[in-house]
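Results of the structural survey
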Amino acid sequence: MKTSVIAYVYAIVVAAAASLVGLYFYQPVVDFSLLAGAGWLTLVAFLGTILSYRVQGSTFGAVSFIPFLTAFVLYPSWATIAIVGFSALVAEMLKPKLAIKRAFNVSQIVLAGCVSIGCYLLFGGKPLEVDPSFQSVPHIAAVVVFLVVNTLAVAAVIGLAEGKSIVKTWVSGNAAGLVYDIVAVPGVFAFGRAYVDWGNWGVGVLCALILGLRLTYQSKHQLETTNKELLELFVHTVEFRDPYTSGHSQRVSRYSRIIAQVVGLTPKEIDRISVAALLHDVGKIHEIFAPILMKPGRLTPEERAIMELHPIKSAELVAKISDLQDIVPAVRHHHENWDGTGYPDQLKGREIPLGSRIIMFADTIDAMTTDRPYRKALGEVEVRDELRKFRGIQFDPDICDALIGSPDFRRLFDSADSGKVHSLTQILEIVRKRVKTPAVA
Ligand SMILES: [Fe+2]
């Protein structure tokens with residue numbers, strides 16, 4: 001581990017201890033009747049942390065993050081922070097980790113908590129158990145400050161460890177954090193009121209609801225990931241038959257995603273078109289194509305006629321999966337030309353599904369930008385010229401203009417560009433992981 005990282009962790013430990021002592025001197029007397037609520041919420045957060053170990057993913061899952069903050073506003077005092085710090089330490093001890101990582105994780109929670117409580121008190125916030133109304137300025141300040149300190153502390157350790165700018169690391173990891181802040185503020189208040197109005201059971205029921213939602217979301221996410229991996233495995237299997245198209249479907253999927261973005265489609269539409277693009281040639285698995293795919297030279301007219309059946313075979317295969325019915329037309333018509341000279345149904349212009357028109361670009365661009373036995377891969381300028389040349393003949397003229405005129409055109413030639421588009425849910429998931437994972441590793 002780098003010396004700068006170790007020094008930084010020591011600094012965070014000292015800052016955490018100093019801020020806790022500072023809070024103690026600011027308000028040393030503890031009201032134990034108020035501390036009970038904060039203690040209960042911390043226990044809930046602790047259980048959430050343990051559960052998040054079991055259900056995979058971040059150290060401080062959604063179940064534990066909001067209860068921690070709720071404990072701060074229920075009773076903003078040094079004693080609450082002491083309990084939170086202790087529970088974080090116990091949670092850390094349950095996992096095999098380096099001592100320095102444990103020290104960092106616990107200290108940065110304590111530090112973020114102290115600063116958060118300090119702001120809450122500074123803005124005139126009262127313990128929620130004393131004044132159960134929504135104290136907008138102190139509440140918002142406490143949540144935002146906690147998140148900022150937490151994420152900055154983590155970004156700094158990542159930046160130092162990887163030799164990157166701390167500010168850039170923080171911005172890139174937390175640009176969408178404001179969305180999460182808005183979600184967290186009412187969440188913290190709802191938990192606080194659930195405790196004040198209904199006691200321990202109120203919080204318990206709320207937690208069970210959130211845990212249920214989280215588990216449902218996680219199962220759904222895992223199922224989607226498995227489905228996607230199975231599809232990719234299937235596509236790989238198909239491509240084993242065609243030595244010249246290894247990785248072709250993944251690239252076409254990536255290009256389709258970028259083009260669909262340029263056209264201004266919604267994240268859901270972009271996702272569906274990228275799946276259609278991934279599967280556009282799966283019909284080639286059919287045995288009738290095997291000898292033709294392995295043939296080295298030019299195809300005879302008969303062989304070409306057989307090959308032109310592959311979009312139909314692809315569409316038939318895709319249609320067997322209930323979840324993919326909506327993309328069957330996009331798969332079937334991916335070789336239709338704008339002027340009606342394509343196959344298999346000689347559709348023309350806007351009769352051709354939008355997804356197919358996009359895949360047509362992606363498919364052709366991939367063919368042009370990969371080396372073939374008879375020619376080298378074309379560059380950006382040559383591809384642009386070719387697209388212009390066949391605008392309104394092979395390609396949709398509107399998409400052609402949008403694509404050529406877009407700064408995103410370059411992304412088609414950048415192999416490091418994943419072309420990923422994040423939906424709000426995905427952004428929240430990313431932010432959730434970043435914000436509430438106060439772990440070094
Ligand atoms: Fe095809």
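This structure is a prediction, so every number in the text was calculated from the model and none was measured.

1. What about the UniProt feature "transmembrane region" (unreviewed entry) in the protein chain?
In this numbering, the UniProt entry assigns the feature "transmembrane region" (unreviewed entry) to residues 6-25, 32-53, 65-91, 103-123, 139-161, 173-192 and 198-217. With 95% helix and 0% strand, residues 103-123 has its two end C-alpha atoms placed 30 Å apart. Summarising residues 139-161: 100% helix, 0% strand, and an end-to-end C-alpha distance of 33 Å.

2. Some remarks on the coordination of the iron ion
Distances from the iron ion to its protein donors, Asp 281 (OD), His 310 (NE2), His 334 (NE2) and His 335 (NE2), fall at 2.2 to 2.3 Å. Here the iron ion is ringed by 4 donor atoms whose angles at the metal span 82 to 171 degrees, and the overall shape comes out irregular. Spacing between the donor residues of the iron ion along the chain follows D-x28-H-x23-H-H. Note that Asp 281 is positioned in the loop between helix H10 (267-279) and helix H11 (290-294) and His 335 in the loop between helix H14 (328-332) and helix H15 (354-368), a separation of 54 residues in sequence. Classification of His 335 by relative accessible area gives buried; the value is 17%.

3. Describing the packing of helix H5 (residues 99-122) against helix H6 (residues 136-162)
The interhelical angle for the contact between H5 and H6, taken along N-to-C directions, is 150 degrees, at an axis separation of 8 Å. As far as their axial angle goes, H6 and H5 are roughly antiparallel. Crossing of H5 against H6: the hand is right-handed. Along its contact with H5, which presents Phe 104, Gln 108, Ile 109, Leu 111, Ala 112, Gly 113, Val 115, Ser 116, Cys 119 and Tyr 120, the element H6 presents Pro 138, His 139, Ala 142, Val 145, Phe 146, Val 149, Asn 150, Ala 153, Val 154 and Val 157. In the contact of H5 with H6, the residues fall into 15 nonpolar, 5 polar and no charged.

4. Observations regarding a nonpolar patch on the surface
The grouping of Phe 86, Leu 89, Val 90, Met 93 and Leu 94 at the surface amounts to a nonpolar patch, some 480 Å² of accessible area in total. Mapping Leu 89 onto the fold places it in helix H4 (residues 78-93). You can call Leu 89 partly exposed: its relative accessible area is 37%.

5. Here's the deal with the pattern of salt bridges
For side chains of opposite charge, pairing can occur when their charged atoms come near one another. According to the stated counting rule, one finds 16 salt bridges in the structure shown. Among the salt bridges present, the one from Asp 281 reaches Lys 284, with a minimum N-O distance of 3.4 Å. The class of Asp 281 is buried, set by a relative accessible area of 7%. When salt bridges that share partners are traced, they join Glu 380, Arg 384 and Arg 410 into one network.

Rules behind the numbers
- Residues numbered from 1 in each chain as written.
- Predicted model: local features only at pLDDT ≥ 70, side-chain atom pairs only at ≥ 80, totals over all residues.
- Heavy atoms only, no water.
- UniProt positions renumbered as here; feature names shortened; annotations may be inferred.
- Helix = DSSP H or I, 4+ residues; strand = E, 2+ residues; numbered from the N terminus.
- Donors = N, O, S within 2.8 Å, 3.2 Å for Na, K, Ca; no water.
- Tetrahedral: all angles 85-135°; square planar, octahedral: opposite > 155°, others 65-115°.
- Buried < 20%, exposed > 50% of the residue type's maximum accessible area, 1.4 Å probe, protein only.
- Axes fitted to C-alpha atoms, helices over the stretch in contact; angles between N-to-C directions.
- Parallel < 35°, antiparallel > 145°, perpendicular 65-115°, else oblique.
- Left-handed = near helix turned anticlockwise from the far one by under 90°.
- Contact = heavy atoms within 4.5 Å.
- Nonpolar A, V, L, I, M, F, W, Y, C, P; charged D, E, K, R; others polar.
- Patch = residues over 30% accessible without salt bridge, like charges linked within 9 Å, V, L, I, M, F, W, Y side chains within 5 Å.
- Areas by Shrake-Rupley, 256 points an atom, 1.4 Å probe, with all protein chains shown as cover.
- Salt bridge = Lys/Arg side-chain N within 4 Å of Asp/Glu carboxyl O.

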